[in-house]
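Structural overview for review
Here are the chains, one letter per residue:
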Amino acid sequence: MHMTSAPHLLTEDRPEFDRLLDETLRTADERPELAGVGERLNAEQLRTMALNAIALLTAAAAAEYDHYVKVRAELRGEALSASADGGEYATGDRDDGAGVSAVVAVLAPVLAGTAMLIFLLVGYSLKMIEPEPAFAKTMLTAGWLFGALTVAALLFAVIGLLVTALRNSSTEVAPAETAVIPEELSRAREAWRNALLERGIVPFLRDALADPSADGYPTPRTPGAGRIPQLGYTRPDFTSPGSASQGPRPGYASPDFTSPDFGGPGHEPE
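Described in the following lines is the structure provided in the data block.

Thresholds applied
- Residues numbered from 1 in each chain as written.
- Predicted model: local features only at pLDDT ≥ 70, side-chain atom pairs only at ≥ 80, totals over all residues.
- Heavy atoms only, no water.
- Helix = DSSP H or I, 4+ residues; strand = E, 2+ residues; numbered from the N terminus.
- Buried < 20%, exposed > 50% of the residue type's maximum accessible area, 1.4 Å probe, protein only.
- Contact = heavy atoms within 4.5 Å.
- Areas by Shrake-Rupley, 256 points an atom, 1.4 Å probe, with all protein chains shown as cover.
- Arc of directions from axis to C-beta.
- Expected span 1.5 Å × (residues − 1).
- Core = buried A, V, L, I, M, F, W, Y, C linked by side-chain atoms within 4.5 Å.
- Patch = residues over 30% accessible without salt bridge, like charges linked within 9 Å, V, L, I, M, F, W, Y side chains within 5 Å.
- Salt bridge = Lys/Arg side-chain N within 4 Å of Asp/Glu carboxyl O.
- Phe/Tyr/Trp six-rings, centres within 6.5 Å; stacked < 30°, edge-to-face > 60°.
- Polar contact = N/O pair within 3.5 Å; in protein donor to acceptor, adjacent residues only side chain to side chain.
- Axes fitted to C-alpha atoms, helices over the stretch in contact; angles between N-to-C directions.
- Parallel < 35°, antiparallel > 145°, perpendicular 65-115°, else oblique.
- Left-handed = near helix turned anticlockwise from the far one by under 90°.
- Nonpolar A, V, L, I, M, F, W, Y, C, P; charged D, E, K, R; others polar.

Across its full length, the protein chain carries six helices and two strands. Ordered by position in the sequence, the α and β elements of the protein chain form the string β-β-α-α-α-α-α-α. The buried share of the protein chain, reckoned over its 270 residues, is 26%. By sequence separation, contacts in the protein chain at least 24 residues apart represent 68% of the contacts at least 6 residues apart. Put simply, the protein chain shows about 18,800 Å² of open surface, and 62% of that area lies on carbon and sulfur atoms.

See the structure below:
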């Protein structure tokens, strides 16, 4: 499940939107319709407005973006399948060969060196005996022969380690070399970028520059509004109490504090 930062835009593609917007603002002087950048609205204000209206801009290139995402998902699925199938067999063959080479590289010098030490030790020990046994020279000859084998085994081990290191390095570099964007994916990505730029970003910036009410502080859009959101800040209408908008002021009379039916000493209440 992919999380989106705005409708029609996956999170992984948000940096691409930001780069395209920044590039457009940076090269605004190359477009006649954006020549007014910096006169009433600067690049930072326009960038803030565009980010607040990102859903509106990305929707202008929704068809191209959907195609781009579809192609990318298909290529990723194919790459994962090929990697899983090929890697399983290649790993097994490589493991078998590496196992045999490792055993030979480790055991050969050890065995040959051990035999060399034994034969030389026995041979020189026999030479100290009087009379010298006839097979003392044979033991020495065998010892030096195993010494030569030890040197050869060590060279073989070093060469084997170098070959293994080079093979592993080439295997690790191969994915990076093959991680070239396929032509179909490159075309789909470029089509989306062009649609986003020509039908979304540039028209939005052009309309913002042409809108006299735009001051760089966008407010949420209301239903039925035009392409550019209603921009700017309006103070509440604090009118004075005597303004005509409130109508006639209500009358006020003080209460009658006379007692009921009181007409003086000679008047009796009915």
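Turning next to helix H2 (residues 43–52). Leu46, Met49 and Ala50 are the residues of H2 that are buried. All buried residues of H2 lie within an arc of 100° about the axis, which places them on one face of the element. Of the exposed residues in H2, those oriented more than 90 degrees away from the buried face are Glu44 and Asn52. Buried residues in H2 make contact with helix H1 (14–26), helix H3 (54–59) and helix H6 (183–210).

A few words now on H1. In this model, H1 (13 residues) spans 18 Å end to end at C-alpha, consistent with the 18 Å of a helix rising 1.5 Å per residue. Elements in contact with the buried residues of H1: strand E2 (9–10), H2, H3 and H6.

Once that is clear, we can look at the nonpolar core. Counting 31 residues, the largest nonpolar core has Phe17, Leu46, Trp192, Leu196, Ile201, Phe204 and Leu205 as its most contacted members. Here this core gets twelve residues from one element, more than from any other, and that element is H6. For Trp192, the residues in contact, after removing those within four places along its chain, are Leu9, Asp13, Glu16, Ala61, Glu64, Tyr65 and Tyr68.

For the rest of this paragraph, the subject is a nonpolar patch on the surface. A cluster of nonpolar side chains, contributed by Val103, Val106, Leu107, Val110 and Leu111, occupies part of the molecular surface with about 460 Å² of accessible area. Take Val110: it is sitting in helix H4 (residues 62–127).

What follows concerns the environment of Ala60. Along the polypeptide, Ala60 turns up in the loop between H3 and H4. Taking C-alpha positions, Ala60 is 9.2 Å from Glu198, a pair spaced 138 residues apart along the chain. Contact partners of Ala60, with chain neighbours within four places excluded, come to Arg199 and Gly200.

Our next topic: the packing of aromatic side chains. In the structure shown here, the tally under the stated rule is four aromatic pairs. When the ring of Tyr65 is compared with that of Tyr68, the centres are 6.4 Å apart and the planes differ by 55°; the resulting orientation is tilted. Of the two residues, Tyr65 and Tyr68 are both situated in helix H4; the distance of three residues between them amounts to about one turn of the helix. These aromatic residues form a ring-pair network of at least three members: Tyr65, Tyr68 and Trp192.

Relative to the helices and strands, Arg72 resides in helix H4. For Arg72, a relative accessible area of 8% translates into the label buried. A polar atom in the side chain of Arg72 sits 2.8 Å from the side chain of Asp13. Sequence-distant contacts of Arg72, that is, excluding residues within four places in its chain, are made with Leu10, Glu12, Asp13, Tyr65 and Leu185.

The geometry of H1 relative to H6 is characterised by a closest axis approach of 11 Å and an angle of 55° between their N-to-C directions. Judged by the angle between their axes, H1 and H6 are oblique. Crossing angle aside, the handedness with which H1 passes H6 is right-handed. Every residue of H6 that contacts H1 at Glu16, Phe17, Leu20, Leu21, Glu23, Thr24 and Leu25 is listed here: Arg189, Trp192, Arg193, Leu196, Leu197, Ile201, Val202 and Leu205. For the contact of H1 with H6, the residue count by class is ten nonpolar, one polar and four charged.

Should the charged atoms of two oppositely charged side chains come close, the side chains can pair. Tallied over the full model, the rule gives 14 salt bridges. A salt bridge links Glu12 to Arg76, with the nearest nitrogen and oxygen atoms 2.9 Å apart. Of the two residues, Glu12 sits in the loop between E2 and H1 while Arg76 sits in helix H4, which places them 64 residues apart along the sequence. Classification of Arg76 as partly exposed rests on a relative accessible area of 42%. Here Arg31 makes a salt bridge to Glu33, at a shortest N to O gap of 3.6 Å. When its relative accessible area of 21% is taken as the criterion, Arg31 is described as partly exposed. Using a relative accessible area of 31% as the deciding quantity, one classes Glu33 as partly exposed. One network of salt bridges, in which partners are shared, links Glu16, Arg19, Glu23, Arg189 and Arg193.

Spatial relationships are all this shows, so hold off on functional conclusions.
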